[in-house]
Amino acid sequence: MENPRTTPPIDDLIVWVLSVDRRVLLMESIENQKVIKASDVAQKTNRSTQNISRALKEFNIKGITRCLTPEKTTWKRYMLTDTGKEVQQRLKHYC
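A brief report on the enclosed structure follows.

What counts as what
Residues numbered from 1 in each chain as written. Predicted model: local features only at pLDDT ≥ 70, side-chain atom pairs only at ≥ 80, totals over all residues. Heavy atoms only, no water. Core = buried A, V, L, I, M, F, W, Y, C linked by side-chain atoms within 4.5 Å. Buried < 20%, exposed > 50% of the residue type's maximum accessible area, 1.4 Å probe, protein only. Helix = DSSP H or I, 4+ residues; strand = E, 2+ residues; numbered from the N terminus. Axes fitted to C-alpha atoms, helices over the stretch in contact; angles between N-to-C directions. Parallel < 35°, antiparallel > 145°, perpendicular 65-115°, else oblique. Contact = heavy atoms within 4.5 Å. 1 Å grid on protein atoms, 1.4 Å probe; cavity = no way out; pocket = protein on both sides within 12 Å on 5 of 7 lines; lining within 4 Å. Points joined across faces, edges and corners; volume = space filled by probe spheres on them. Nonpolar A, V, L, I, M, F, W, Y, C, P; charged D, E, K, R; others polar. Polar contact = N/O pair within 3.5 Å; in protein donor to acceptor, adjacent residues only side chain to side chain.

## Quick word on the nonpolar core
Formed by 23 residues in total, the largest nonpolar core has its most connected members in Val17, Leu26, Met27, Ile64 and Val87. When residues of this core are traced back to their parent elements, those giving at least two are helix 1 (10-18), helix 2 (21-29), helix 3 (38-45), helix 4 (49-62), strand 3 (77-80) and helix 5 (82-91). For this core, the element with the highest residue contribution is helix 1, accounting for five residues.

This is the structure:
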């Protein structure tokens, strides 16, 4: 469960996602996926794994995703949080 005091407002998160194309690509490519891996998204979007990994780390900091394997240094798995799902739903109106 997310801490509402540390998660930015949804409207702020939407603006933040829309401000960088790799974030928009990430949100579009993870629709309907339960578990997210940077390598899968990178292959799907023709971006580098490093580029997508960076976006996933940013999403994790903002509370959009949660890392399921934080103990690992590579091949981390993420999932959308409830906030992330809401951002994703609302982004459909913008993209």
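## Describing the packing of helix 1 against helix 2
One way to put it is that helix 1 packs onto helix 2 with a least axis distance of 6 Å and a crossing angle of 110°. Relative to helix 2, the element helix 1 is oriented roughly perpendicular. Facing Trp16, Val17 and Leu18 of helix 1, the residues of helix 2 in contact are Arg23, Val24 and Met27.

## Brief notes about the layout of surface pockets
In this model, the largest pocket occupies a volume close to 250 Å³. Together, Lys37, Ala38, Ser39, Thr49, Ser53, Lys57, Thr73, Thr74, Trp75, Lys76 and Tyr78 line the largest pocket. At the level of secondary structure, the elements contributing two or more residues to the lining of the largest pocket comprise helix 3 and helix 4. For the lining of the largest pocket, the leading source of residues is helix 4, giving three residues. Taken together, the residues of the lining of the largest pocket break down into three nonpolar, five polar and three charged.

## Comments concerning the side chain of Arg23
Within the secondary structure layout, Arg23 lies in helix 2. In this structure Arg23 comes out as buried when scored by relative accessible area, which is 8%. A distance of 3.1 Å separates polar atoms of two side chains, one belonging to Arg23 and the other to Glu58. Among residues more than four places away in sequence, those in contact with Arg23 are Trp16, Val17, Glu58 and Phe59.

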